[in-house]
Amino acid sequence: MGSVTILASEATSPAETTEKMVVDALRRGDEQVFRHLVEMHHTGLRRVAALYVPSNVVEDVVQETWMAVVRGIDRFEGRSSIKTWIYRILINQARKRGPKERRAIPFSALGPSEAHDPAVPLERLYHPELGTGYWPEAPPHWNADPGDRAVASEIRMVIERAIDRLSDAQREVITLRDVEGWDSEEVCDTLGISAVNQRVLLHRARTSVRAALEVYFHGS
Amino acid sequence: MAADAEFIRNQLRITCADALELMTEFLDRALSSTDQERFRAHLEGCEACAVYLDQLRLTVDITSSLHGQDDYQVDQSTMEQLVDIYRSTRDES
């Protein structure tokens, strides 16, 4: 396969230019660029793999992903970002290995199968004068001392446990958006879900996690 | 009393239940301008929803700091293995 020369003027944005330069360099055998790519993504790939496979399988799945990446780089067409492409490979690999029942598509592409749960149970939203749908009073403030490291580490554990208890689809989306810091377009692109679906799942996930923190601070 | 309630409900534009359901869209800056206007008007008059939104933001902030704990870096031998594989595929093509 011949090498492809990419003219900078063909790119429509700085980000696209950078992407093309990276792909070009990877095809040329630029080890520095490859090392940088691995450093950039390896940890994130491990965390995402852990959504699908047990921890003793994570490293294998990530290695297999990198192998598929180096073998597939010549065929990569650049229709998605490199990152999206790498993570799609990872998720495919992880699903083939996962202990969870085999699925043909990511959890979240199945759509919000859970019954609709409002952010706050409707019983809490009854104001004596305004009626149904209104807070009777503000939820209690959270007094968290940001300096207290023991509390900070407890709070993180509460959040981790809350994320573990979410539905698979909600956990997938909140992990990519909030834990990994992806934007919604990247998440939708990688998981193959609509923006609306993604937002509904994220909303439910975040409000559930917030509810867990409320219990931690104030009891249920 | 009922007239006051009517007045307040009008000021709040939408119910708290509706405002709650708009919060993630709001944080994503994805609200339509109509919803944006209603949501802002509601928050101005509703301390409860303002507190809830702050707590939601804090939840997101802490969630995003979870992965700051990972000191994991690719270990040398893993990296060298991957570079070897990379090198050999480049030699093939």
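Residues numbered from 1 in each chain as written. Chains lettered and ligands numbered in written order. Predicted model: local features only at pLDDT ≥ 70, side-chain atom pairs only at ≥ 80, totals over all residues. Heavy atoms only, no water.

**Focus: the overall build of chain A**
Moving on, step 1. When you go through chain A residue by residue, the secondary structure sums to eight helices and two strands.
Moving on, step 2. Nonlocal contacts in chain A, meaning residues at least 24 apart in sequence, comprise 65% of its contacts between residues at least 6 apart.
Moving on, step 3. Just so you have it, chain A exposes about 11,400 Å², and 51% of that area is on carbon and sulfur atoms. (Helix = DSSP H or I, 4+ residues; strand = E, 2+ residues; numbered from the N terminus. Contact = heavy atoms within 4.5 Å. Areas by Shrake-Rupley, 256 points an atom, 1.4 Å probe, with all protein chains shown as cover.)

**Quick word on the confidence of the model for chain B**
Moving on, step 1. When pLDDT is averaged along chain B, the result is 91; 92% of the residues meet or exceed 70.
Moving on, step 2. The complex model carries a pTM of 0.85, and its ipTM stands at 0.89. (pLDDT = per-residue confidence, 0-100.)

**Details of helix α2 (residues 16-27) of chain B**
Moving on, step 1. Taking 1.5 Å as the rise per residue, α2(B) with twelve residues should run 16 Å; its terminal C-alpha atoms sit 16 Å apart, in good agreement.
Moving on, step 2. Three or more residues of α2(B) are buried, namely C16(B), A17(B), A19(B), L20(B), L22(B), M23(B), T24(B) and F26(B).
Moving on, step 3. Buried residues along α2(B) sit against α8 (195-218) of chain A together with α3 (33-45) and α4 (47-65) of chain B. (Expected span 1.5 Å × (residues − 1). Buried < 20%, exposed > 50% of the residue type's maximum accessible area, 1.4 Å probe, protein only.)

**Quick notes on the interface of chain A and chain B**
Moving on, step 1. Listed per partner, the contact involves 56 residues of chain A and 49 residues of chain B.
Moving on, step 2. When chain A packs against chain B, the two sides together hide about 4,900 Å² of surface, and 63% of this comes from carbon and sulfur.
Moving on, step 3. Summed over the shared surface of chain A and chain B, the result is five salt bridges.
Moving on, step 4. With its nearest N and O atoms 3.0 Å apart, the salt bridge here joins E80(B) to R35(A).
Moving on, step 5. For the interface between chain A and chain B, the tally reads 19 residue pairs in polar contact (both at pLDDT 80 or more).
Moving on, step 6. If you list the elements that add at least two residues to the side of chain A that touches chain B, you get α1 (14-28), α2 (31-49), α3 (55-72), α5 (149-165), α6 (168-179) and α8 of chain A.
Moving on, step 7. Of the residues contributing to the side of chain A that touches chain B, the split by class is 27 nonpolar, nine polar and 20 charged. (Buried area = accessible area lost by both parts, 1.4 Å probe. Salt bridge = Lys/Arg side-chain N within 4 Å of Asp/Glu carboxyl O. Polar contact = N/O pair within 3.5 Å; in protein donor to acceptor, adjacent residues only side chain to side chain. Nonpolar A, V, L, I, M, F, W, Y, C, P; charged D, E, K, R; others polar.)

**Concerning the environment of Y87(A)**
Moving on, step 1. If you trace the backbone, Y87(A) turns up in helix α4 (residues 82-97).
Moving on, step 2. Residues contacting Y87(A), with those up to four places away along its chain left out, are H41(A), G44(A), L45(A), V48(A), W182(A) and T190(A).

**A word on the packing of aromatic side chains**
By convention here, two paired aromatic rings are described through the distance between centres and the angle between planes.
Moving on, step 1. Summed over all chains, the structure comprises eight aromatic pairs over all chains.
Moving on, step 2. Ring geometry for W142(A) and F217(A): centres 5.1 Å apart, planes at 20 degrees, overall stacked. Remark: F217(A) occurs in helix α8 and W142(A) occurs in the loop between β2 (131-132) and α5; sequence separation between them is 75 residues. Of the two residues, W142(A) and F217(A), neither departs from the other in class, the shared state being buried.
Moving on, step 3. Their ring planes at 70 degrees and their centres at 5.2 Å tell us that Y216(A) and F217(A) sit as a pair that is edge-to-face.
Moving on, step 4. Taken together, the ring pairs in this structure connect F34(A), W66(A) and Y86(B) into an aromatic cluster. (Phe/Tyr/Trp six-rings, centres within 6.5 Å; stacked < 30°, edge-to-face > 60°.)

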